[in-house]
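Here is what each chain is made of, one letter per residue.
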Number of protein chains: 2
Amino acid sequence: MTEAEFIAALRRLPLHAGACGLLDDTARLAGLTITSDTIVEGVHFLAEDPPSDVAWKLVATNLSDLAAKGALVAGVLLNYPLTDDSWDRAFLAGLDEVLRAFACPLLGGDTVSLPAGAPRVLTATAFGTDAAGPSRGGAQAGDALWVTGTIGDAGAGLEIACGRPGPPALLAAYRRPTPRLTEGRALAPHVHAMMDVSDGLLIDAGQLATASGLAVAIDLAALPLSADLIAFAGKDRTARLAAATAGDDYELLFAASAGWTPPVAATRVGKLAAGSGLALQDGPEALPLPLMLGFEHRSVRTQLTSAGGHDLSQ
Amino acid sequence: MTEAEFIAALRRLPLHAGACGLLDDTARLAGLTITSDTIVEGVHFLAEDPPSDVAWKLVATNLSDLAAKGALVAGVLLNYPLTDDSWDRAFLAGLDEVLRAFACPLLGGDTVSLPAGAPRVLTATAFGTDAAGPSRGGAQAGDALWVTGTIGDAGAGLEIACGRPGPPALLAAYRRPTPRLTEGRALAPHVHAMMDVSDGLLIDAGQLATASGLAVAIDLAALPLSADLIAFAGKDRTARLAAATAGDDYELLFAASAGWTPPVAATRVGKLAAGSGLALQDGPEALPLPLMLGFEHRSVRTQLTSAGGHDLSQ
């Protein structure tokens, strides 16, 4: 089954009201905002990746989903496969760092063993409180679409991880993303829709628009690029298109009234309008959509967008 | 690292107060009781097991941890690896059955893909409310130790799953355990300590006693055996010892004042006393402990018992 077929089948099971129809990145229960992500060696991370960075990214990407709800971090569960000593110890060191960095206490979890040679599969489940946050589906026609921080750094960092020389800050953006918890808290009470950018700016903007029943137009010329990224990849159209489709940014993408100015560092990258679909421009020039809107291993998700749904990505 | 070493390292990380020092089967947060279990193909289940039964057991064993707290079921998250169509579809059918059987709505989760040929790794995280339940560590010297239902059926069922002919009810006990939710609700307000029997009656009784700072004596002669199990395996000492060490029973083990009678079907199998350690008798005769107190693949957990701790089995 494809992911979309599987999720459609799940929707026919008894669902909790807090599951929000499996249409959002988080579930709600007892005042908590809950999100869970599983990562697989060879799919979501490389066997050669430093285990401490795998720990960081596993927790940080879950907290990014809480950030998009404007939630306060309450804690995290870890489901961990014991494999070899040095990997386990390095993972624990990174786990300690990320828990302390975001004041995220450990709540519990489970440890298992794996058959010899099996790829590692790790799960984290994060809990937030006091979410003021909107769903992805609340944008209104005429809203401006904004994104925090810069886009494309992590995509360049993946190239650096694969051997191309480049600035350490870009590699760090890929391996140690920062969940925008403070920004999410500041934005959540004011914006109409918000989500984190995990799959790529274009695909995620399309998901926000689809969930809101609107069309979205993105201006590549407005894309916020870091000085490091420009030094590494330039800033021509090809570079900006790469940045908009690379994913793993974990910045916040949000829609708000056109006249409103965000209280955090953010850049206006597009607008929402009645209708449906994703349109791309580069300044005054309309562009065709690229064939791949996001990471290749996530490309099945485009099916979810076109089906009007979302992945079950709690 | 061994599981015990890993959990000891986790205890040095920032822990949430609701983690209960990673000493219990569940965590507490915002009035919820939370438990999470991961199961691995080739470790916790066989590639040949019916996928619908894998779904049932994954959810039911999590709910068993809620039962031991006397909690009401609120819902469950699922982290699922998509593999092949027929397995996915059969899994969904079993998931539908178990969610409906225990009125457990789906809250969300995550789907991932696996590298070709990788063993399946599945996680469920269950949430309960209104837990009145005691920990494992509240037993008092002089308490009687009781167990619900019958013991050893699932262990015999595993033999049947592996090819030995036997009663279908025993196979069902192994593949489709029933979490004792109703019994847990009735018992929780009255008992001093409670846990579910997952690793084996002897090892789990030892864990309850260790957590309570007490010694425990188990009388094999008192073991509640089903008519099916007696027909399959007899009821001599060997059979009773096998039943007490087989695990996967998912019955409730609880300690209560000696003069108190449980309001549910249960059998008194032992008693708690000042001191430490596990003693075994068969009626009037004292027996040496068997070398293996529980399932072989869980035998590392005996280290946890002797270290005075518990597995991180939320």
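Residues numbered from 1 in each chain as written. Chains lettered and ligands numbered in written order. Predicted model: local features only at pLDDT ≥ 70, side-chain atom pairs only at ≥ 80, totals over all residues. Heavy atoms only, no water.

Q: Please provide a residue-by-residue account of the sheet that holds strand β5 (residues 121-129) of chain A, values included.
A: All names here are of chain A. Across the sheet, which stays open at both edges, the five strands sit in the order β1-β2-β5-β3-β4 with mixed pairing between neighbours. Since the sheet does not close on itself, it has two edges, and those belong to β1 (27-29) and β4 (106-113), each with one partner. Between one strand axis and the next, the sheet turns by 20 degrees as a mean value, whatever way the strands run. Running over the sheet, helix α3 (residues 85-101) touches β3 (72-82), β4 and β5 and is turned about 175 degrees from β3. (Pairing = 2+ DSSP bridges. Helix = DSSP H or I, 4+ residues; strand = E, 2+ residues; numbered from the N terminus. Axes fitted to C-alpha atoms, helices over the stretch in contact; angles between N-to-C directions. Contact = heavy atoms within 4.5 Å.)

Q: Outline the interface of chain A and chain B, supporting the account with residue identities and numerical values.
A: Between chain A and chain B, the contact holds 62 residues from the first and 62 residues from the second. Area buried by chain A at its contact with chain B is led by Met1(A), Phe6(A) and Leu107(A), which between them contribute 13% of it. The interface formed by chain A and chain B includes zero salt bridges. Secondary-structure elements contributing two or more residues to the side of chain A that touches chain B are α1 (3-10), β1, β2 (32-40), β3, α3, β4 and β5 of chain A. (Buried area = accessible area lost by both parts, 1.4 Å probe. Salt bridge = Lys/Arg side-chain N within 4 Å of Asp/Glu carboxyl O.)

Q: Let's hear about the pattern of salt bridges: which residues, and what values?
A: Taken as a whole and assessed by the stated rule, the structure comprises 34 salt bridges over all chains. The network of salt bridges with common partners includes Asp49(A), Asp53(A), Glu97(A), Arg175(A) and Arg176(A).

Q: With reference to specific residues and values, describe the relation of the copies chain A and chain B.
A: Laying chain A over chain B is done by rotating through 180 degrees and shifting 0.0 Å along the axis; what remains is an RMSD of 0.0 Å. With respect to symmetry, the two chain copies, as superposed, fit the operation of a two-fold axis. Judged by C-alpha distance, Ala118(A) is the residue of chain A that lies nearest the rotation axis, at 2.9 Å. A share of 100% of interface residues in chain A that are also interface residues in chain B marks the association as one of identical surfaces. (Least-squares fit on C-alpha atoms with pLDDT ≥ 70 in both.)

Q: So what about the nonpolar core? Which residues, and what values?
A: If you look at the biggest cluster of nonpolar residues, it comprises 49 residues, and the most contacted ones within it are Leu63(A), Phe91(A), Leu95(A) and Leu10(B). Of all elements in the fold, only α2 (51-67), β3, α3, β5, β6 (144-148), α6 (181-187) and β9 (252-256) of chain A together with α1 (3-10) of chain B reach the threshold of two or more residues within this core. Per element, the largest residue contribution to this core is nine residues, and it comes from α2(A). For Phe91(A), the residues in contact, after removing those within four places along its chain, are Pro51(A), Ser52(A), Val54(A), Ala55(A), Leu58(A), Leu78(A), Tyr80(A) and Leu122(A). Counting 48 residues, the second largest nonpolar core, distinct from the first, contains Met1(A), Leu22(A), Val73(B) and Met194(B). (Core = buried A, V, L, I, M, F, W, Y, C linked by side-chain atoms within 4.5 Å. Buried < 20%, exposed > 50% of the residue type's maximum accessible area, 1.4 Å probe, protein only.)

Q: How would you explain the environment of Ala286(A) if you had to name every residue and give the values?
A: All names here are of chain A. With respect to the element layout, alanine 286 can be found in strand β12 (residues 285-287). Distance in space between the C-alpha atoms of alanine 286 and aspartate 219 is 8.9 Å, their sequence separation being 67 residues. Residue contacts for alanine 286: discarding those within four places in its chain leaves Leu280 and Gln281.

Q: Report on the confidence of the model for chain A, specifying residues and quantitative values.
A: Residue and element names in this part refer to chain A. For chain A, mean pLDDT is 91; residues scoring 70 or higher make up 94% of the total. Here residues 296-314 is modelled with pLDDT under 50, and outside its nearest four sequence neighbours on either side it reaches 71 contacts, counting other chains as well. Scoring of the predicted complex yields 0.91 for pTM and 0.90 for ipTM. (pLDDT = per-residue confidence, 0-100.)

Q: Lay out the side chain of Asp143(B) in plain terms, naming residues and giving numbers.
A: All names here are of chain B. For aspartate 143, the position within the fold is in the loop between β5 (121-129) and β6 (144-148). Although aspartate 143 is buried, it forms no salt bridge, and the closest oppositely charged side chain is arginine 268 at an N-O distance of 9.0 Å. A distance of 2.9 Å separates a polar side-chain atom of aspartate 143 from the backbone nitrogen of glutamine 140. Separated by 2.7 Å, the side chains of aspartate 143 and histidine 192 make a polar contact. The contact partners of aspartate 143, leaving out residues within four places of it in the chain, are His192, Ala255, Ala256, Ser257, Lys271 and Leu272. (Lys, Arg positive; Asp, Glu negative; His and termini not counted. Polar contact = N/O pair within 3.5 Å; in protein donor to acceptor, adjacent residues only side chain to side chain.)

Q: Which residues make up the domain arrangement of chain A, and what values go with them?
A: The parts lose accessible area when they come together, and the size of an interface is often stated as this lost area. Residues and elements named next belong to chain A. Each assigned domain of chain A is listed here: domain 1 (3-129) and domain 2 (144-303). When domain 1 packs against domain 2, close to 2100 Å² is buried across both sides, 55% of that on carbon and sulfur atoms. Applying the counting rule to domain 1 against domain 2 returns five salt bridges. For the salt bridge of glutamate 97 with arginine 176, the shortest nitrogen-to-oxygen distance reads 3.2 Å. There are nine residue pairs in polar contact (both at pLDDT 80 or more) connecting domain 1 and domain 2. Elements supplying a minimum of two residues to the side of domain 1 that touches domain 2: α1, α2 and β3. Here the side of domain 1 that touches domain 2 takes 10 residues from α2, the largest share from any one element. A breakdown of the residues in the side of domain 1 that touches domain 2 according to their chemical character gives 12 nonpolar, six polar and eight charged. (Domains from an automatic or database assignment. Nonpolar A, V, L, I, M, F, W, Y, C, P; charged D, E, K, R; others polar.)

Q: An account of the packing of aromatic side chains is needed here, citing residue identities and associated values.
A: Aromatic ring pairs are described here by two measures, namely the spacing of the ring centres and the angle between the planes. Applying the stated criterion across every chain yields a total of 13 aromatic pairs over all chains. Aromatic pair Trp56(B) and Phe102(B): ring centres 5.5 Å apart, planes at 70 degrees, arrangement edge-to-face. One end of the pair, Trp56(B), is in helix α2 (residues 51-67); the other, Phe102(B), is in the loop between α3 (85-101) and β4 (106-113), with 46 residues separating them in the sequence. Taking relative accessible area as the criterion, Trp56(B) reaches 11% and is therefore assigned buried. Grouping aromatic residues by their ring pairs yields a cluster made of Phe6(A), Phe45(B), Tyr80(B), Trp87(B) and Phe91(B). Here the basic side chain of Arg164(A) rests over the ring of Phe232(A), its NZ or CZ set 4.0 Å away from the ring centre. (Phe/Tyr/Trp six-rings, centres within 6.5 Å; stacked < 30°, edge-to-face > 60°. Lys NZ or Arg CZ within 6 Å of the ring centre and 35° of its normal.)

Q: Can you lay out the pairing of β4(B) for me, pointing to particular residues and giving the numbers?
A: Residue and element names in this part refer to chain B. For β4, a buried count of seven out of eight residues is recorded, marking the element as mostly surrounded by other parts of the structure. Bridging between strand β3 (residues 72-82) and β4 involves seven bridges; their strand directions are parallel. Note that in β4 the partner of valine 76 across the bridge is leucine 106. Crossover β3 to β4 through α3 is right-handed. (Right-handed = clockwise from strand over helix to strand, strands pointing away.)

Q: I'd like a rundown of the environment of Gly155(A), residues and numbers included.
A: Residues and elements named next belong to chain A. Of note, glycine 155 is situated in helix α4 (residues 153-161). Using a relative accessible area of 12% as the deciding quantity, one classes glycine 155 as buried. For the pair glycine 155 and glycine 247, spaced 92 residues apart in the sequence, the C-alpha separation amounts to 6.3 Å. Every residue in contact with glycine 155, bar those within four places of it in the chain, is listed here: Ala246 and Gly247.

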